[in-house]
Amino acid sequence: MQALRKRHLTSSQSIYFLLLLTTVIIICMMMLMVFVWSPSNFEEDQFRFSRSINTNEIVTIHTTQKIKTLPRDTSCTFHTCLEVYQCGYNDETKISVYVYPIKSFEDENSEELTLSRSKEFDEILQAITDSDFYTSDPNTACLFIPSVDMLNQNNLNLKNVGRVLASLEWWKDGSNHLLFNMVAGSSPDFHSVVEVDTGRAVIAGSGFSSLSYRRIFDVSIPMFNPLVSGLQLPVFSNNHAKKYLLISSQLGLHQEYLQVLRQLHEEDDQFLLLNTCPNHQKPWNYTQRCHNSKIYNYPHVLQNSTFCLVLRGSRLGQPALSDAMQAGCIPVVVADGYVMPFSEVLDWTRAAVEVREDDLADIIKIIKTYSPERIQQMQKQVKYYYDKYFSSLKAIALTTLQIINDRVFPYAGKSYEYWNDIPKSNVVQNPLFLPLSPPKSQGFTAVILTFDRLESLFQVIKRVAKVPSLAKVVVVWNNQNKAAPPMSSWPYIGKPIKVIQTKKNKLSNRFVPYDEIETECILALDDDIIMLTDDEVEFGYEVWREFPDRLVGFPSRLHLWDNSTQKWKYESEWTNEISMVLTGAAFYHKYFSYLYTNSMPGNMKLWVDDHMNCEDIAMNFLMANMTGKAPIKVTPRKKFKCPQCVNNEMLSADLTHMVERSECINKFTSIYDTMPLKSIEFRADPVLYKDNYPGILKKFNDVGSL
Amino acid sequence: MQAIQRYILVTVCGIFVILGYVCLNRLSHVGQRRNGPKILRSYVDWGDFSFNEDLHLSTKFRRSVPSQTYRQRCRMSSCFDFSLCENGFKVYVYPSWKNVVSDTFSQILTAIEQSRYYTNDPKQACLFIPNVDTLDQDKLSHDFVHDVQSKLSALPYWNNGRNHIIFNIFSGTWPDYTENVGFDFGEAILAKASLSVSKFRYGFDISFPLVAKDHVLKGGDKGYLYSSSNNIPSPREYLLAFKGKRYLTGKGSETRNSLYHVHNGKDIVLLTTCRHGKSWEKNKDARCDEDNREYDKYDYKKLLYNSTFCLVPRGRRLGSFRFLEVLQAACIPVLLSNRWELPFSEVIDWSKAVVSADERLLLQVPSIVRSISQSEILFYRQQTQFIWETYLSSVEKIVLTTLEIIKSRIKRHKSRANKLWNLEPGALSILPEFSDVMEKFPFFYHQLGTKPGDKFTAVIYATTPIALASAPLFRTLRNVAKSQNVVKIIVLWHCDIPPPPSHKWPGDLGVPVLVKTRNIKTISARFFPFKEIETDAIWSLEEDSLLTTDEVDFAFSVWQEFPERIVGYPARNHYWDEIKQRWSYTSKWSNEYSMVLTGAAVYHRYYNFLYTHQLPPEVIDTVDQSNNCHDILFNFLVSHVTKLAPIKVTQRKVYQESALTNVNLNASKPLSWLQQHHFTQREQCMNTFTQHFGTMPLIRSKTRMDPLLFKDPVSNMRKKYRQIETV
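Below, the structure is looked at part by part. (Residues numbered from 1 in each chain as written. Chains lettered and ligands numbered in written order. Predicted model: local features only at pLDDT ≥ 70, side-chain atom pairs only at ≥ 80, totals over all residues. Heavy atoms only, no water.)

Before going further, it helps to examine unusual backbone geometry. All names here are of chain B. Going from Ile232 to Pro233, the amide bond is cis rather than trans, its omega being -10°. The amide bond that connects Glu424 to the next residue, Pro425, takes the cis arrangement and shows omega of 0°. In this structure, Pro425 sits in the loop between α16 (418-421) and α17 (445-448). Even without a glycine there, the phi angle at Asn99 is positive, about 70°. (Helix = DSSP H or I, 4+ residues; strand = E, 2+ residues; numbered from the N terminus.)

So, about the pattern of salt bridges. By the definition in use, this model includes 70 salt bridges over all chains. Across the pair Lys365 of chain A and Asp362 of chain A runs a salt bridge, and its minimum N-O distance is 3.7 Å. The exposed category is assigned to Lys365 of chain A, whose relative accessible area is 59%. Of the charged contacts, one joins Glu592 of chain B and Lys702 of chain B as a salt bridge, the two residues approaching to 3.5 Å between their closest N and O atoms. Placement of the pair is Glu592 of chain B in the loop between β20 (582-586) and β21 (595-596) and Lys702 of chain B in the loop between α24 (673-693) and β24 (703-707), with a sequence separation of 110 residues. Lys702 of chain B sits in the buried class, given a relative accessible area of 12%. (Salt bridge = Lys/Arg side-chain N within 4 Å of Asp/Glu carboxyl O. Buried < 20%, exposed > 50% of the residue type's maximum accessible area, 1.4 Å probe, protein only.)

Moving on to the pairing of strand β22 (residues 600-604) of chain B. Side chains on a regular strand alternate between the two faces of the sheet. All names here are of chain B. Among the five residues that make up β22, five are buried, leaving the element largely enclosed by the rest of the structure. With burial as the criterion, each face of β22 is covered, one bearing Ala600, Val602 and His604 and the other bearing Ala601 and Tyr603. Relative to β22, strand β17 (residues 537-542) runs antiparallel, the two being bridged by five bridges. Residue pairing across strands places Ser540 opposite Ala601, the latter belonging to β22. (Pairing = 2+ DSSP bridges.)

All names here are of chain B. Using the criterion set out here, one finds 10 disulfides over all chains in the structure. Paired through a disulfide, Cys85 and Cys126 show a sulfur-sulfur distance of 2.0 Å. Since a negative S-S torsion denotes a left-handed disulfide, the Cys85-Cys126 link at about 70° is right-handed. Pair noted here: Cys85 is in the loop between α5 (76-79) and β1 (91-93) and Cys126 is in the loop between β2 (118-119) and β3 (127-129), with a separation of 41 residues, a long-range link. Accessibility assignment for this pair places Cys85 and Cys126 in one class, buried. Linked covalently through their sulfurs, Cys274 and Cys288 form a disulfide whose S-S length is 2.0 Å. (Disulfide = S-S within 2.5 Å.)

Opposite the 139 residues of chain A that make contact, chain B presents 126 residues. There are 13 salt bridges connecting chain A and chain B. Across the salt bridge formed by Lys678 of chain A and Glu561 of chain B, the nearest N and O atoms sit 3.6 Å from each other. Across the chain A-chain B interface, the total number found is 60 residue pairs in polar contact (both at pLDDT 80 or more). Sorting elements by how many residues they give to the side of chain A that touches chain B places helix α1 (residues 2-46) of chain A first, with 14 residues. Grouping the constituent residues of the side of chain A that touches chain B by class yields 66 nonpolar, 32 polar and 41 charged. Pairing geometry for strand β26 (residues 682-686) of chain A and β24 of chain B, over five bridges, is antiparallel. Within the sheet, the bridge partner assigned to Ala684 of chain A lies in β24 of chain B and is Met705 of chain B. (Contact = heavy atoms within 4.5 Å. Polar contact = N/O pair within 3.5 Å; in protein donor to acceptor, adjacent residues only side chain to side chain. Nonpolar A, V, L, I, M, F, W, Y, C, P; charged D, E, K, R; others polar.)

Okay, here's the thing in structure tokens:
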């Protein structure tokens, strides 16, 4: 019993022990985790840059040392001051950028010649070294970035910095060097560009005037405001009602401007004029502004206004610009000659109001001419620009590099739309945007997809051969087991017939832009479409010539929203609306074959080939999505295959077929993430169709049967 | 057992303690580092950021420009007097220039005088155009005009060139061809060809295209793409072509002298000749003879039309005539002219139409050209045609573009978005006064993914007094009011007898009816952009219209797919009369049409604005005085802007009751005198308008749009527009 008891005790002890042990082990594991993970944290600071950049080296430049510095060359242009021979070294569409190692520059008395690098400059360097532009090899670099912080001209010893720059290894009077500067000039003149001897270097500066800015050479950048940029401002919905029409919030404005603004404020209480708070002493609190004695939080107050005034101060560039944009307020820039940030690529007419200083008194009148729709667009644009190009130093630095990149490789440059358009799913870029009517003399190429129905195929060829504008017949032979019959057995039609043997039996083969197709216009035909008359086809071609960016054809279908299944449904009944024209008999521009083959989104092509179905629906989706336009159905013709059939001739109209087609529509809609098809209620007929008029005078007579 | 357990426990605890110690140590270390000297300073502090008080003496003084440096320093804010433009943008041309200026300059001045901005009153003027021919300032040239400086200073409103434009095409001469025009033009805006990036005062000067002597005043050559293939892959025989002079000495030689390195005689054909000037043989080099032989094998024009890309290297000056010729030929220009400021670069986005190569990297040109994808070629090629057709093909377009650019600088907030300059139909057809958003214009619905509004305003033009309640106007009102899509009916009362009092009008229409009697003095009032018209669509009707409600609705439904066109019932055609050598008008039934009359048509309300504000007064006067042709002019205008045909819907051809009776009674009789007169007038109008537009803008169509089941042998119950079947 004793023994038993003892044992019992032991077992409860051991449970307790085991519990303790596991606890300890778990804690140990956690400690270990911390131990293992933490080094990366510890070393983040130390290894922000690769060792090659972050040196602790000290370079001594003697005061007596002769270093030739060159004042900023105002005549520089891209072609005269930027050497391009190095630029395509690694990649023919991307410049490579080298960043000088971070060093301290001292004179013989250990006095520092440059300022220690600021957090902002550090971030710029970081962004560049992390980017695709970066190269660690100066011999293949197109652009050089000195690790000398010149962001703020104040406290900078201009002469020393100039000497330091000139002493850099690859300086060569500054050619191919890029310098960042955000605060330029100093009292009393306030030059609009940093007054260091920069020679032929490119300057990315914040306060350029159109007189100091070397267009297509310098880059105008926004002034980054670290005092507010980190702030998370409350998010408002788009139609958030704004209390004020216009706010002026800048401090230190010129008395003459202030006078005008005070006058404006008296006339219109929708204009809020803010200034320093009366009790405050210098240095003022940046985040507080006052109207009389009422205190407003800055920049939050800007969110309450539709427009925000950005007036020139002693400097042209003002942080108020990005402050306003951060708050989603449309900047009204009043600074004659100011070169707006990134104006080389950004279209400021879409995001800001530029008013001449002389018109300051009319400013309210001017902004009241903007329509509510325009204001809404501008607000979106302001937000887009801010988020994409202004919000961080990384954005600013990389945008600067991209702009220079576009100058070096203009043929690979980014487009206006890339820089300015807010990506939207329903915006289309019609590839055939010019209102052309292709010359009739070109004719069209009939592209017939076939497998082995020779008899029917020959019948189709003979029929289409009668159409005057036919230029050529291209037969896409999809049968892999049986070769096409020799040319001698094909019908003679007086026009060339080309047979293309495909490598695999795929439906997509019918939309390959074969070199054999020499006309812009393709007539896609199935090998059993034997009922079309030559007048119908010729008329169809004429209609296509008037609408060459659309799918113009005979068999039409409709897509419908099925409320019960919450899905799209394919409809082949004769309806009052259509949204698709099937490519069993349809004209379209060859470019769409090129697109179908080369840039069909997602796995649509694969889907089509796997299911051996829906290539025609896919083409309708592609074209509607590219052009935003509906197809056009030509003539009343509704039956194509069998002359004897009396009723609705949907031979394939069995249920599974319809289900499969509906499935295709739903699948494609999900791939495009939108339903691009558009419905219309009309069809194209010849001008004199069914008119009581002598048939001999009608151009297209044999039109009208179903 | 217990002992072992205890040992293990102790050991584990030991490890635990050691680990804990190490970790704590580390963490505290981190804390130290975070707070330590590693924190970087910010590049600005409160002080030097925004609180530098603006203590400049005077803001006005700051903006003025020291007189010695104004040449380089002129900008709109410093060298332009905006106060002169407060009464609108009017341009004055100093008179009596005829027969004293060169042909090209005479065309420029004519184009300005014919534009809607012209004024003959210098007091009204915002811009002044000197009558001194400054186009050619090459001293060796025939057209060189001496001593322009003193002639300019003698102009009565010269004022040191303020608000004046100086046009120049050639400056400098052999051998250095400097860019300086060689005379002092004060504070005038320079509109000059072949400007370089560094000399160009951006936002002030105008980079002008190099206009050839034979450039026409109006109309101009159609772009070659309109009559050739826009296929993929590019159907043109050569990839890159050039045929031109090679300068043995002087400026511009380097680039052209090395072109033969790139020539391969197959798809890249770059041909140069040394033959030019009198004494070329003296300077002739080793390659000359071979080059000349190769040069003679090819025809210049044929090369342009048969090449996908065309090289445009600098000549003596930065720009060359070649540039415009290449654009017209739909050959994509490959520029080899460093620092050249391209024509109208302030507004035209040339990166969409040309390939910029670098003279320093000539040998890369073939690989650059080959790297451009077929899609891009298709795009570039169309864009060359768009730019050529819209801004460059005639002197008139060039001049209007110049004026529009300056106008847009004056009221910046009322200027069109940059984007609109580079999209069909181009800035000259977009009046920014109409709206400041793209969505309101008829041209951009498809690309913006938006639709025109699904309602329309009916505008009914009435000229006959009303006596009976069964008057045709009332029937028309009822038919239109039954439409689901009408929001308002406006009756334009163009009649000496006032309209009946409101209680006599049909009362139960369910749609507001507005009768306009004031300011309906002329027939053009039909197209006045009344502010009461708020919908995108206008259904334009006449009082005795025969249209059924279904017809009204169906045409509107078609219009929604073609919002930039006129969609309607009465179709007409035009043809070239070989005997009379002029355009003729016909209302006969035929297989084609090129006009749809506005007596029964739907169109976008923007065209009303365009008709009223863009057409010059003389043209409108032609219409108003004859009380005729307004509908022809309207078709000219819309087709001129869109380069598209109108759209005729369904069979109906006669849309007026009056016309119907005429047809019935006079079917066999010859036209009455009145009708004959009416018809002759219309023919005259056609020719007047063609002259105004410089070309025949009408486009023919062979297509008419019918409802989908129109006249199909199916039950009428299945058809949506049943009334149309019975018309």
